[in-house]
Amino acid sequence: VLRRIAAGQLALDDQLAKFFGEEKWFASLPNGPDITIGTLLKHRSGIPEHVWLPKFQTALREQPDRHWQPTELIQFILGREPTNPADEAFSYADTNYVLLGMVLEHIDPEHRSYFDQLDAELLEPLGLVDTVPCRSSALPKLAPGRTVLFQPGAEPTWSVVNGKAKINPQFEYCGGGLACTTTDLARFGHLLFATDKVLDTAHRKILIDAQPANTGPGDGYGHGAMVVQTPHGQALGHTGIMIGALSVVLHYPELNITAAMQWNTDIPRHLRARPRGVRDGAARRS
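A. The arrangement of the overall build of the chain in detail. The number of helices and strands found in the chain is 9 helices and 13 strands. A compact globule built from 286 residues should have a C-alpha radius of gyration of about 19 Å, and the chain, at 18 Å, falls within 12% of that. The principal-axis extent of the C-alpha atoms belonging to the chain is close to 45 × 45 × 40 Å. Residues counted as buried form 56% of the 286 residues belonging to the chain. Excluding contacts between residues fewer than 6 apart, the proportion of contacts in the chain whose partners are at least 24 apart in sequence is 62%. Surface accessibility of the chain: about 12900 Å² in total, with carbon and sulfur atoms responsible for 52%. Charged side chains of the chain number 27 positive and 31 negative; the gap between the two group centres comes to 7 Å.

B. Spatial organisation of the pattern of salt bridges. Taken as a whole and assessed by the stated rule, the structure comprises 14 salt bridges. For the salt bridge of Arg-204 with Asp-196, the shortest nitrogen-to-oxygen distance reads 2.4 Å. On the accessibility criterion, Arg-204 (16% relative accessible area) is buried. Taken together, the salt bridges that share partners define one network made up of Arg-3, Arg-4, Asp-108, Arg-112 and Glu-121.

C. The nonpolar core, seen in detail. In terms of nonpolar packing, the biggest core is built from 70 residues, with Leu-16, Trp-25, Leu-29, Leu-99 and Phe-171 touching the most fellow members. The element contributing the most residues to this core is helix H6 (residues 94–107), with 7 residues. With sequence-adjacent residues up to four places away left out, Trp-25 is seen in contact with Phe-20, Thr-71, Ile-74, Gln-75, Leu-78, Leu-99 and Met-102. One finds Cys-134, Leu-139, Val-160 and Ala-165 within the second-largest nonpolar core, a separate group that totals 7 residues.

D. Region of interest: helix H8 (residues 182–194). In this model H8 runs 18 Å from its N-terminal to its C-terminal C-alpha over 13 residues, within 8% of the 18 Å that 1.5 Å per residue would give. When H8 is considered as a whole, its buried residues turn out to be Asp-184, Leu-185, Ala-186, Gly-189, Leu-191, Leu-192 and Phe-193. Contacts from the buried residues of H8 go to strand E1 (131–133), strand E6 (178–180), helix H9 (201–207), strand E10 (233–242), strand E11 (245–252) and strand E12 (257–263).

E. Local environment of the packing of aromatic side chains. Per the counting criterion, the structure on display carries 14 aromatic pairs. Centroid distance Phe-90 to Tyr-221: 5.4 Å. Interplanar angle 40°. Geometry classified as tilted. Placement of Phe-90 in the loop between helix H5 (70–74) and H6 and of Tyr-221 in strand E8 (residues 220–221) is noted, with a sequence separation of 131 residues between them. Linked through ring pairs, Trp-52, Phe-56, Trp-68, Phe-76, Phe-150 and Phe-171 together constitute an aromatic cluster. Across the ring face of Trp-68, the terminal group of Arg-66 is positioned such that the distance to the ring centre comes to 3.8 Å.

F. Inspection of unusual backbone geometry at higher detail. Phi at His-43 takes a positive value of approximately 55°, unusual for a residue other than glycine. Note that His-43 resides in the loop between helix H3 (37–41) and helix H4 (54–62). With a phi angle near 65°, Lys-141 is a residue other than glycine that sits in the positive phi range. In this structure, Lys-141 sits in the loop between E1 and strand E2 (146–147).

Cut-offs and rules
Residues numbered from 1 in each chain as written. Predicted model: local features only at pLDDT ≥ 70, side-chain atom pairs only at ≥ 80, totals over all residues. Heavy atoms only, no water. Helix = DSSP H or I, 4+ residues; strand = E, 2+ residues; numbered from the N terminus. Rg over C-alpha atoms; globule rule 2.2 N^0.38 Å. Buried < 20%, exposed > 50% of the residue type's maximum accessible area, 1.4 Å probe, protein only. Contact = heavy atoms within 4.5 Å. Areas by Shrake-Rupley, 256 points an atom, 1.4 Å probe, with all protein chains shown as cover. Lys, Arg positive; Asp, Glu negative; His and termini not counted. Charge placed at Lys NZ, Arg CZ, Asp CG, Glu CD. Salt bridge = Lys/Arg side-chain N within 4 Å of Asp/Glu carboxyl O. Core = buried A, V, L, I, M, F, W, Y, C linked by side-chain atoms within 4.5 Å. Expected span 1.5 Å × (residues − 1). Phe/Tyr/Trp six-rings, centres within 6.5 Å; stacked < 30°, edge-to-face > 60°. Lys NZ or Arg CZ within 6 Å of the ring centre and 35° of its normal.

What follows is the structure, given as structure tokens:
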């Protein structure tokens, strides 16, 4: 999204209504008329999170192989009360990024899918050969992990059965929707936060222009990135949770080091040190 802004194809203050105001569903979108590209990126739109709604989780269990369209995902929050007025508070929701993905596809001259745009403009040029979009349940080399996600009260089970993810991770779309090696995760973090290969300097500043968030004491969230306080100084990055996986990548500007870790569990209590703000999706590949 910030690359499109840099190219003059989008602006942070563009209203979402500019792109979808004529769609039938838009009138039922919480805070719809007040939502901008910027508030979506900062998770300050007030849109509820569809992923944790019981109705959505039931749908995932009942249709584990389903291929979800983004308009089907946002149906779960239509008509609901917003979490807060637009731009008045931080409230993380993958639903924000689902809408941003829809915008990217809407403005693309060739109407390419988000994943196709990602492949062509970032993954292939940056040589991230061990990072793949989660287009289906059958992802090569997917590492099995212990999972309780979307299984209330159940004992942990394996996230991969007979070479397929137990629930199709395609539902994550722009809320994560990628499988990668830990090396690729660290490599991308460094390219994003420490070089001009993903964003120029001006738009990297926008990326980390943070306002207070609820991920930890003194932490903030910018236009797509977490800004956290650590014993080694300020760090920039993100955390992720997906079925059978927890992930974190952090870039430490004062040290010029980027580190990534992934665990083959989605149960934070299994970890000796729990990453703060584990919210969005990132599956793990072996």
